[in-house]
Amino acid sequence: MIHSVYPIAQAGYDSAGQASADIKRQLKQLGVDSKIIRRVAVACYEAEMNLIIHSLGGAIELSIEDGWITLQIHDKGPGIPDVELAKKEGFSTAGEDARSLGFGAGMGLPNMMRNTDDFLIASQVGVGTLMIMKFKLV
């Protein structure tokens, strides 16, 4: 079993992509198929950017066991008022700071869902959001 935790800071644009790059590197070292690595990297990067743009800070946890790669993403608020709306392509609540840097196109959750074999999201306004993304290794 492999388990790694990556803390992600609110508005941490200077370190954006470091967690997903490290996870990609780990998967390559383990000999994971490149098509699976690509899917994990895309979903992980989207989650990482959502934490940076929308949360008050959080973490990405990677675990690999029993034929599955699992990414668990959790944050400290503000939560998502309408999860179903947030899942729609093009919907974004990103602020001007994120948009000025080229982020906030509203493709984060759709790209995560498209690249995972199993996707779960739960959010409570004022508390935070939990996402679990799973990728089958076979």
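Refer to the structure presented above.
Residues numbered from 1 in each chain as written. Predicted model: local features only at pLDDT ≥ 70, side-chain atom pairs only at ≥ 80, totals over all residues. Heavy atoms only, no water.

Here we look at the environment of I64
Our working rule: Secondary structure follows DSSP: runs of H or I at least 4 residues long count as helices, runs of E at least 2 residues long count as strands, and numbering of each begins at the N terminus. Exposed residues in this analysis have more than 50% of their type's maximum accessible area, buried residues have under 20%, and partly exposed residues fall in between, with area computed by a 1.4 Å probe over protein chains only. Note on definitions: a residue-residue contact is assigned when non-hydrogen atoms from the two residues lie within 4.5 Å.
In this fold, I64 is placed in strand β2 (residues 58–65). With a relative accessible area of 12%, I64 lands in the buried category. Residues I64 and R39 lie 25 residues apart in sequence; the distance between their C-alpha atoms is 15 Å. Leave out the neighbours within four places in its chain, and I64 touches M1, I2, L27, L30, I69 and L137.

Quick notes on the packing of helix α1 (residues 18–29) against helix α2 (residues 34–54)
Condition: Note on definitions: angles span 0 to 180 degrees between N-to-C directions of axes, and those axes are lines fitted to C-alpha atoms, for helices only across the stretch in contact. Small angles under 35 degrees read as roughly parallel and large ones over 145 as roughly antiparallel, with 65 to 115 read as roughly perpendicular and the rest as oblique. Note on convention: near helix rotated counterclockwise from far helix by under a right angle means a left-handed crossing. Clockwise means right-handed. In this count, Pro and Cys sit with the nonpolar residues alongside Ala, Val, Leu, Ile, Met, Phe, Trp and Tyr, while Asp, Glu, Lys and Arg are called charged and the others, Gly among them, polar.
At a minimum axis separation of 8 Å, α1 and α2 run at an interaxial angle of 160°. Between α1 and α2, the interaxial angle falls into the category roughly antiparallel. For the element pair α1 and α2, the recorded crossing hand is right-handed. Across the interface between the two elements, Q18, A19, S20, I23, K24, L27 and K28 from α1 touch I37, V40, A41, C44, Y45 and E48 from α2. Counted by class, the contact of α1 with α2 contains eight nonpolar, two polar and three charged residues.

What about the pairing of strand β5 (residues 128–136)?
Selection rule: Any two strands with at least two DSSP-identified bridges between them are counted as paired.
Taken together, the seven bridges between strand β3 (residues 68–75) and β5 define a ladder with antiparallel strand orientation. Along β5, the bridge assignment pairs H74 with L130. Bridge analysis of strand β4 (residues 118–124) against β5 gives seven bridges, and the strand direction is antiparallel. Within the sheet, the bridge partner assigned to L120 lies in β5 and is I132. Counting the residues in the hairpin turn of β4 and β5 gives three residues, including G126, whose phi is positive at 85°.

Focus on the environment of D22
Relative to the helices and strands, D22 is located in helix α1. In sequence terms D22 and A41 are 19 residues apart; their C-alpha atoms lie 9.5 Å from each other.

Quick notes on α1
For clarity, the threshold we go by: Expected span, for any helix, means 1.5 Å times one less than how many residues it has. An arc is given here, and it is the one of the directions from the helix axis to the C-beta atoms.
Helix length check: α1 (twelve residues) gives 17 Å between terminal C-alpha atoms against 16 Å at 1.5 Å per residue, within 8%. For α1, the complete set of buried residues consists of A19, S20, I23, Q26 and L27. Across the axial projection of α1, the buried residues extend over an arc of 120°, all falling on one side. In α1, the exposed positions angled more than 90 degrees off the buried face are occupied by Q18, K28 and Q29. Buried residues along α1 sit in contact with β1 (2–8), α2, β2 and β3. Remark: G31 follows α1 within two positions and exhibits a positive phi of approximately 80°.

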